[in-house]
Amino acid sequence: MEILGIDIGFGFTKATGGGQDLVFKSVLGESTDIQFREEMLAAPDHDDEHLQVEVDGKSYFVGELAERQSNVRFFTLDQEQFIGKFAKVLALSAAARMVKGFVPINLVTGLPIGSYRKHKDELAKLLVGEHKVTLVDADGRRDEKSVSINKVRVIPQPFGSLFNLMLNDLGEMGDKRLVREKIGLIDVGFRTSDYTISDKMRYSERGSRTTDSGIARAFNVISTKLRENSGVNVELYRLYEAIDRGSIKIRGKVYDLKSLTDQVFGQLATTVANEVDRLWVDDWDIDAMVITGGGGAVLAKYLQPLLNGEVMALSPGEDMRMYNVRGYRKFGQHLWARGAAPATPAES
Ligand SMILES: Nc1ncnc2c1ncn2[C@@H]1O[C@H](COP(=O)(O)OP(=O)(O)OP(=O)(O)O)[C@@H](O)[C@H]1O
Ligand SMILES: [Mg+2]
């Protein structure tokens, strides 16, 4: 049995298990017949791989491949659509890539706080069971897989980060401090910001909420400005690298993004800090706050000075998009394999 964590985010799908990680954009596209599949010149540092799957008789390009090659691309920031049309394909793509052969899977995944109650049974039902998934590689070779998902556990997304801090890789309690204290979690994602409180490991309903203050809101402002200036509609999921770099080239012209980015990230951080103040007004006894999620990483330098209280420092250099999913996997270990020896290569 393989224990996997899969975090199906609006921006990125993240998966981890058995010593490997996987991240791809949560974008699906119609698969097309690519007639020239060879790379023009061997480019050694290509990290975007060919991810093409067939699920329920439909063929998709997934992630960066869809972004580059599909004429028709599907991407959504709507929760109902996301569960109905995307979650299963994204999760099964990840699972099929992660596990070899016919190894059954126990899966931990998550939902935003705001849609947890409404969608958790539906999501578990979509995923549990035996799925025929075909992976098609860059040369057109087909690998038919039977992905068999034994158990699914759905948790509120930011709890992934808490479990990641609290548990070791075997799912055992590591940091006791977190168990005794009152911790406020701020998970800034692509579309949503999720807030929750763990009070001596108890979930606080009062302190938990999902809002729309994700990074996409800042990206939207930047995209609108770019459309006004260049006439080109830059899709939100194509903006991250440019914003990180500080400029974007559109039809040969370079647009500087630095000052605009500072401004909109500053605004977004203010919104998040205000939401924190309002939501946790009665929770002035919080011991420490944790800023997590990929959006948390980019917003942290703007957000940290605005928060009233101790902010826990997390390991710098880590890809914060993976923070929740690492916790999902550790929680899976805790539930299903505690104390068991980690899987050796011979078992898989
Ligand atoms: N290496 C990176 N590549 C791309 N984006 C990154 C990277 N590091 C941080 N980010 C930021 O992470 C954000 C996405 O974070 P994350 O993966 O946590 O969101 P998500 O879980 O997909 O969204 P949501 O929680 O709203 O469903 C991006 O909008 C980007 O600003
Ligand atoms: Mg997220």
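What counts, and at which threshold
- Residues numbered from 1 in each chain as written.
- Chains lettered and ligands numbered in written order.
- Predicted model: local features only at pLDDT ≥ 70, side-chain atom pairs only at ≥ 80, totals over all residues.
- Heavy atoms only, no water.
- Domains from an automatic or database assignment.
- Contact = heavy atoms within 4.5 Å.
- Buried area = accessible area lost by both parts, 1.4 Å probe.
- Axes fitted to C-alpha atoms, helices over the stretch in contact; angles between N-to-C directions.
- Helix = DSSP H or I, 4+ residues; strand = E, 2+ residues; numbered from the N terminus.
- Left-handed = near helix turned anticlockwise from the far one by under 90°.
- Nonpolar A, V, L, I, M, F, W, Y, C, P; charged D, E, K, R; others polar.
- Pairing = 2+ DSSP bridges.
- Parallel < 35°, antiparallel > 145°, perpendicular 65-115°, else oblique.

### Regarding the domain arrangement of the protein chain
According to the domain assignment, the protein chain consists of domain 1 (2-35 + 47-156 + 327-347) and domain 2 (159-314). Between domain 1 and domain 2, the C-alpha centre-to-centre distance is 24 Å. In this complex, domain 1 contributes 27 residues to the contact, which on the side of domain 2 involves 27 residues. When domain 1 packs against domain 2, close to 2,200 Å² is buried across both sides, 64% of that on carbon and sulfur atoms. Counting the surface domain 1 buries against domain 2, the share from its top three residues, Leu77, Ile113 and Lys330, is 29%.

### Examining the packing of helix α6 (residues 215-230) against helix α8 (residues 258-279)
Two elements in contact, α6 and α8, have axes whose closest approach is 9 Å; the angle formed by their N-to-C orientations is 145°. Remark: the crossing between α6 and α8 carries right-handed chirality. Contact with α6, carried on its side by Ile215, Arg217, Ala218, Phe219, Val221, Ile222 and Lys225, involves Leu260, Thr261, Val264, Phe265, Leu268 and Thr271 of α8 and no other residues of that element. Tallied by class, residues from the contact of α6 with α8 come to 9 nonpolar, 2 polar and 2 charged.

### Concerning the sheet that holds strand β12 (residues 193-199)
Across the sheet, 4 strands lie side by side as β13-β12-β11-β16; this open sheet has mixed pairing. For this open sheet the edge positions go to β13 (202-211) and β16 (288-292), each flanked by a neighbour on one side alone. In this sheet, adjacent strand axes meet at a mean angle of 15° when their direction is disregarded. Of the pairings in the sheet, the one linking β12 to β13 comprises 6 bridges and is antiparallel in character. Paired with Asp194 across the bridge in β13 is Thr210.

### What about the packing of α8 against helix α9 (residues 294-303)?
Helix-helix packing is characterised by the crossing angle of the two axes and by the distance between the axes. Two numbers describe how α8 lies on α9: the axes approach to 9 Å, and their chain directions differ by 85°. The pairing of α8 with α9 is recorded here as roughly perpendicular in orientation. For the pair α8 and α9, the contacting residues are Asp262, Phe265, Gly266, Leu268, Ala269, Val272 and Ala273 in the first and Val298, Leu299, Tyr302 and Leu303 in the second. Broken down by class, the residue content of the contact of α8 with α9 amounts to 9 nonpolar, 1 polar and 1 charged.

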